[in-house]
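# Structure at a glance
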Amino acid sequence: MQTKIGIVLSGGGARGIGHLGMLKALEEFGIKASHVSGTSAGAIAAAFYAAGYSANEILTILKKGHIFSFSNLLIKRQGLFAMKGFHDIYSECFPTNSFDDLKIPLYIAATDILKGELVYFSSGNLSQAIMASSCLPLLFQPVNYNNTLYVDGGVMNNFPIEPLMGQCDIIIGSYVLQP
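### A look at the overall build of the protein
On a plain count of helices and strands, the protein comes out with five helices and nine strands. Mapped in sequence order, the helices and strands of the protein form the string β-α-β-α-α-β-α-β-β-α-β-β-β-β. Sequence-distant contacts in the protein: of pairs separated by 6 or more residues, those separated by 24 or more amount to 69%. Split by element, the accessible area of the protein, about 9100 Å² in all, is 57% carbon and sulfur.

In structure tokens, the structure reads:
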């Protein structure tokens, strides 16, 4: 029986780029995850990883993205930016936009602000789940998905290990420190 290895990636804003160093090290040691979970910046890295992108490929994609462009600037809204910059990148990188087509099962944590509850996405619209999980309150307008509003999963759980418990023999976590 093969050992099931889970990877958990925390939130952390721009510091989330640190997750790529850990993923690269795992690649170099030939360690492959059977499941992955993430929130906020960790959800972004986890989704690309679950789709089969290498750490170097993820870095290249994120560096070329124009996430904070002026075309995404909102005036008199619930946030300064819309998530359009992210959506464009995800549409290009995840053509089917479905959890079902990922190479590794993925769990994404987001906060339902209307119910005040933590939600784990593992099926459905992949880009909406990623955007919901990484939607920093006040910086981005809340994501409207499945008839509710979502913001950053790190608001309620910045290290979403729970979906992997009982499914994996070993869980490896990457927690990037926030100031």
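### A look at the pattern of salt bridges
Under the criterion given, the structure shown has two salt bridges. In this structure, K64 and E92 form a salt bridge, with 3.4 Å as the shortest nitrogen-oxygen distance. Of this pair, K64 sits in helix α3 (residues 55-64) while E92 sits in helix α4 (residues 84-93), and the two are 28 residues apart along the sequence.

### Some points on unusual backbone geometry
Unusually for a residue other than glycine, N146 sits at a positive phi of about 55°. The topology assignment puts N146 in the loop between β7 (143-145) and β8 (148-152). Judged by its relative accessible area of 53%, N146 is exposed. With phi around 60°, N147 is a residue other than glycine that occupies positive phi space.

### Here we look at the layout of surface pockets
Reported here for the second largest pocket is a volume of approximately 180 Å³. Lining of the second largest pocket is provided by E27, G30, I31, K32, A33, Y49, G52, Y53, S54, K103 and I104. When its residues are assigned to classes, the lining of the second largest pocket shows five nonpolar, three polar and three charged.

### As for the packing of helix α2 (residues 41-50) against α3
At a closest axis distance of 10 Å, the pairing of α2 and α3 adopts a crossing angle of 125°. The orientation of α2 with respect to α3, classified from their angle, is oblique. Crossing of α2 over α3 shows right-handed handedness. Every residue of α3 that contacts α2 at I44, A45, F48 and Y49 is listed here: I58, I61 and L62. Here the contact of α2 with α3 is composed, by residue class, of seven nonpolar, no polar and no charged.

### A few points about the environment of G85
Residue position: G85 is located in helix α4. When the C-alpha atoms of G85 and G65 are compared, they prove to be 7.4 Å apart, with 20 residues separating the residues in sequence.

### Description of the nonpolar core
Counting 43 residues, the largest nonpolar core has I7, F48, Y90, F94, L106, I108 and F121 as its most contacted members. Considering every element that reaches this core, the biggest residue donor is α2, with eight residues.

### Some words on the packing of helix α1 (residues 18-28) against α3
Packing of α1 against α3 leaves a shortest axis separation of 8 Å and a crossing angle of 155°. If you check the angle between α1 and α3, you find them roughly antiparallel. Between α1 and α3, the residues in contact are L20, L23, K24 and E27 and A55, N56, I58 and L59, respectively.

### Focus: the confidence of the model for the protein
Per-residue confidence for the protein gives a mean pLDDT of 90, with 88% of residues at or over 70. For residues 66-76, every residue scores under 50 in pLDDT, and the model assigns this stretch 23 contacts once sequence neighbours within four places are set aside.

Conventions we followed
All residue numbers refer to positions counted from 1 along the written sequence of the respective chain. Confidence filtering applies because this is a predicted model: local features only for residues at pLDDT of at least 70, side-chain atom pairs given and counted only at 80 or more, and all residues used for totals across whole chains, interfaces and linings. To obtain the side-chain values, all non-hydrogen atoms of the structure were included, while hydrogens and water were left out. Where helices and strands are cited, they refer to DSSP runs of H or I of at least four residues and of E of at least two residues respectively, numbered from the N terminus. Here, residues are in contact when the closest pair of their heavy atoms is within 4.5 Å. Values of accessible area rely on a 1.4 Å probe in the Shrake-Rupley scheme; residue burial ignores everything except the protein chains shown. When a carboxyl oxygen of Asp or Glu lies within 4 Å of a side-chain nitrogen of Lys or Arg, that pair is called a salt bridge. Working definition: with a 1.4 Å probe on protein chains only, accessible area under 20% of the residue-type maximum means buried, over 50% means exposed, and in between means partly exposed. Cavities and pockets were defined on a 1 Å grid built over protein atoms only: a cavity is a set of grid points that admits a 1.4 Å probe from which the probe cannot escape, a pocket is an open set flanked by protein on both sides within 12 Å along at least five of seven lines, and lining residues are those with an atom within 4 Å of any such point. Grid points are joined across faces, edges and corners, and a volume is the space filled by probe spheres set on the points. Residue classes follow a fixed rule: Ala, Val, Leu, Ile, Met, Phe, Trp, Tyr, Cys and Pro count as nonpolar, while Asp, Glu, Lys and Arg count as charged, and any other residue, Gly among them, counts as polar. The axes used here are C-alpha line fits, helices contributing only the stretch in contact, and every angle between their N-to-C directions lies in the interval 0 to 180 degrees. Our angle categories are set so that under 35 degrees counts as roughly parallel, over 145 as roughly antiparallel, 65 to 115 as roughly perpendicular, and the remainder as oblique. What makes a crossing left-handed is the near helix being turned counterclockwise from the far one by less than a right angle; a clockwise turn instead makes it right-handed. Only buried Ala, Val, Leu, Ile, Met, Phe, Trp, Tyr and Cys residues count toward a nonpolar core, and they belong to the same one when joined by side-chain atoms within 4.5 Å. Every residue is assigned a pLDDT by the predictor, reflecting its confidence on a scale from 0 to 100.

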